[in-house]
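Understanding the architecture of this molecule
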Amino acid sequence: MAKKAFKSESKRLLDMMIHSIYTHKEIFLRELVSNASDSIDKLYYIALTDDNITFNKDDYYIRIETDEKNRTLTISDTGIGMSKEELEENLGTIAKSGSFDFKSDLEHEEDHDIIGQFGVGFYSAFMVADKVTVISKKYGEEDAYKWESEGADGYTVTKSAKDEVGTKIILTLKPNADEENYDEFLSEYTIRRIIKKYSDYIRYPIKMMVKKSRPKPGTEGEGKTPEYEDYFEDETLNSMVPIWRKNKSELKDEDYNNFYKEKFFDYDNPAAVIHTSADGITSYKALMFLPARAPYDYYSKDFEKGLALYANGVLIMDKCADLLPDCFSFVKGLVDSADLSLNISREMLQHDRQLQIIAKNLQKKIKSELIKLMKDDRETYEKFYSGFGRQLKFSVYNEFGREKELVQDLILFYSIKEKKLVSLKEYIEKKPEDQKFIYYACGESNEKIEKLPQTELVKDKGYDILCFTDDIDEFAIKMLGKYEEKEFKSVSSGDLGFETEAKQEESEENKEIFLFMKDALGDKVKDVKASTRLKSHPVCITSGGELSIEMEKVLNSMPADQKVKAERVLEINVDHPVFEKIKELFASDKEKLKKYADVLYGSALLIEGLTVDDPIEFSNNICELI
């Protein structure tokens, strides 16, 4: 029989689909299995309205067979089958899909899950096969037909013999090449792996005769060395019912934990489980997990965020990054939806409105679950936060604060007054009514921050102080700006919001002394003035501009040609005995006062965790003054 040419396009189009659409050759098996599942679905849906059909689900399955000698791989189903006309129409036209037409004919198409709507997946078989043979018998018809093709040159359709209704696809594999081992698709291990990865949740059994081994009868017993024989057993390769499609009432914590550990290769139980679904404009089921600890590569450039994406139980993408915002990149899990718009292959998503709706709903759900965990199980949340808090705080700052509204309620800081981690909301709820700002202090550790001279007056007023010990903390807060209409204020800022008139008068009264010390220190400081914040300490350094001392340290620790310097203000405690010495030296020995100013400035630098500009000069000045 003469070959018929494909109805749509040419060899170039088929070559493009085979070599460009799919990234991995193993995808062909996923596509053919999904088409087989569709075929069984169609018979099931017809059975719903046709009393002449008795649908026994146990009679419907997909079978995979291998023939190593002839190098063939066969995928067969017990579905509705195709007539001669349908073979020509569906397989003779590239990108034609019988599933799509079938679904369009249904009165309530939203109730039916038909996967193969675009008809391209079948042709992925030519990625691994030189010849593809399809033998099919349509339900309700006497005759079976064979469709056969060796590629873009065309195909033939002839009458054939087949006893049972359904379709059988026989792939004659390509010869092995230097970089391609097509024999692997005849391997039981490879087939198991592909089915487990992509088609584990196809709703019908995927069966295969697998080789097993057992002791030969009569060779077992005391003192005997057993002999073994091979035998074949029919085995179902897929689990069929995904955990996320089960009711929550059917599942226990152990079920979720075991699934999480097996699926995401973690040996710890998750900190929390989010099992959710939605029906409406976009329908989906999602199962997400909050890890108890950060993966070893989480803060590296190699880490990839994303949720596994399924369409009716068929894996589309291992990691769909568009489903998660960066701030929640730590979430692991999956989404299963029948409503996503796919283009010419299941592997390539068209980023459409459905995907955006799902992503938006998921981020709201993740945030609400995190807040719930924070309130109901603080210990678990703080353990989780120790691993991922840095990412949440970075997300406040990243991309000009794009995600700050999403995460501001989730970040925690150590409270000097509470002696524990608190959220910004908890800080606001407990602050005195007259407190105008949210106060914070930066340092290497909570212990060192508590000892900072700059914290004295704020603590004396009864105000709490948040400790910023991560290098990202102050940058994040600068981007956040305010929380619940309360601005953030560093205890080292020039204006704490409650300066006293007495201190201001002291500064005016001793203006000449401070001006002299400023000149003596030169460009090291922007100003020298009487402190309004010190009580027991003699001296401290504060920032005179937007760039703080802590920001200076962080930025200068980065590899860069140019270094930055914050505007430094040296504050003197006029109530401290050291100021009496300053006044005495100003009146009697101004040269000595210059060295005194340098020592005080150096001491303030050391308190801030900064190095003195000239350690030798600093040491010599101390020795001389002593």
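Residues numbered from 1 in each chain as written. Predicted model: local features only at pLDDT ≥ 70, side-chain atom pairs only at ≥ 80, totals over all residues. Heavy atoms only, no water.

**So, the pattern of salt bridges**
Under the convention used in this document: Salt bridge, as applied in this entry: a Lys or Arg side-chain nitrogen positioned within 4 Å of an Asp or Glu carboxyl oxygen. Every helix listed is a DSSP run of H or I at least four residues long, and every strand listed is a run of E at least two residues long, numbered separately from the N terminus. Only protein chains enter the calculation, and the probe is 1.4 Å; a residue is then buried if its accessible area is under 20% of its type maximum, exposed if over 50%, and partly exposed in between.
Enumeration over the complete set of coordinates arrives at 47 salt bridges. The residue Glu-26 makes a salt bridge to Arg-193 at a minimum N-O spacing of 2.9 Å. In this pair, Glu-26 sits in the loop between α1 (11-21) and α2 (27-49) while Arg-193 sits in helix α5 (residues 188-198), placing the two residues 167 residues apart along the sequence. For Lys-212, the salt bridge goes to Glu-233, with nearest N and O atoms at 2.9 Å. Here the residue Lys-212 occupies a position in strand β7 (residues 206-215), and Glu-233 occupies one in strand β8 (residues 228-236), the gap between them amounting to 21 residues. Taking relative accessible area as the criterion, Lys-212 reaches 25% and is therefore assigned partly exposed.

**Topic: the state of the cysteines**
Where we set the bar: Criterion for a disulfide: a pair of cysteine sulfur atoms within 2.5 Å.
Enumeration according to the criterion identifies 0 disulfides in this entry. Left unpaired, Cys-442 is separated from the closest cysteine sulfur, that of Cys-467, by 9.5 Å. What makes Cys-442 buried here is its relative accessible area of 12%.

**Some thoughts on the environment of Asp-41**
Topologically, Asp-41 is positioned in helix α2. In sequence terms Asp-41 and Arg-203 are 162 residues apart; their C-alpha atoms lie 9.4 Å from each other.

**Observations regarding the sheet that holds β7**
Operational definition: Here, a strand pair is defined by DSSP locating no fewer than two bridges between the strands. To get an axis, fit a line to the C-alpha atoms, keeping to the stretch in contact for a helix; angles then go from 0 to 180 degrees between the N-to-C directions. Contacts are residue-level and defined by heavy atoms, with any inter-residue pair within 4.5 Å sufficient.
Reading across the sheet, the 8 strands line up as β5-β4-β3-β6-β2-β1-β7-β8 and stay open at both edges, with mixed pairing between neighbours. Edge strands, defined here as strands with exactly one partner in the open sheet, are β5 (155-160) and β8. Averaged over all pairs of adjacent strands, the angle between strand axes in this sheet comes to 25°, irrespective of strand direction. In this fold α5 packs onto β1 (62-67), β2 (72-77), β7 and β8, with an angle of close to 135° to the strand it touches most, β7.

**Some words on the packing of helix α17 (residues 577-588) against helix α18 (residues 590-607)**
Keep this limit in mind: Roughly parallel refers to an angle under 35 degrees, roughly antiparallel to one over 145, roughly perpendicular to one between 65 and 115, and oblique to any angle outside these ranges. When residues are sorted by character, Ala, Val, Leu, Ile, Met, Phe, Trp, Tyr, Cys and Pro go into the nonpolar class, Asp, Glu, Lys and Arg into the charged class, and all the rest, Gly among them, into the polar class.
Where α17 meets α18, the closest approach of the two axes is 7 Å, and the angle between their N-to-C directions is 150°. In terms of axis orientation, α17 runs roughly antiparallel to α18. Of the residues in α18, those in contact with Val-578, Lys-581, Ile-582, Leu-585, Phe-586 and Ser-588 of α17 are Lys-590, Lys-592, Leu-593, Tyr-596 and Leu-600. Residues of the contact of α17 with α18, tallied by class, amount to 7 nonpolar, 1 polar and 3 charged.

**Things to note about the environment of Glu-450**
Residue position: Glu-450 is located in helix α11 (residues 446-450). The class of Glu-450 is partly exposed, set by a relative accessible area of 23%. Along the sequence, Glu-450 and Cys-467 sit 17 residues apart, while their C-alpha atoms lie 8.4 Å from each other. Among all residues touching Glu-450, those that are not within four sequence positions of it are Tyr-414, Ile-416, Lys-419, Thr-455 and Lys-459.

**Focus on the sheet that holds strand β11 (residues 307-311)**
On the basis of which strands lie adjacent, the open sheet formed by 5 strands has the order β9-β10-β13-β11-β12 and mixed pairing. Each end of this open sheet is capped by a strand with a single partner; those strands are β9 (272-278) and β12 (314-320). The average undirected angle you get between the axes of adjacent strands in this sheet is 15°. Direction of pairing for β11 relative to strand β13 (residues 332-337): parallel, over a ladder of 3 bridges. Across the sheet, Leu-309 pairs through a bridge with Val-335, a residue of β13.

**Some details on α18**
For clarity, the threshold we go by: Each residue after the first adds 1.5 Å to the expected span of a helix.
Spanning 18 residues, α18 covers 26 Å between terminal C-alpha atoms, matching the ideal 26 Å at 1.5 Å per step. Within α18 the residues assigned to the buried category are Leu-593, Tyr-596, Ala-597, Asp-598, Val-599, Leu-600, Tyr-601, Gly-602, Ala-604 and Leu-605. A positive backbone phi angle near 80° is found at Gly-609, which sits one or two residues after α18.

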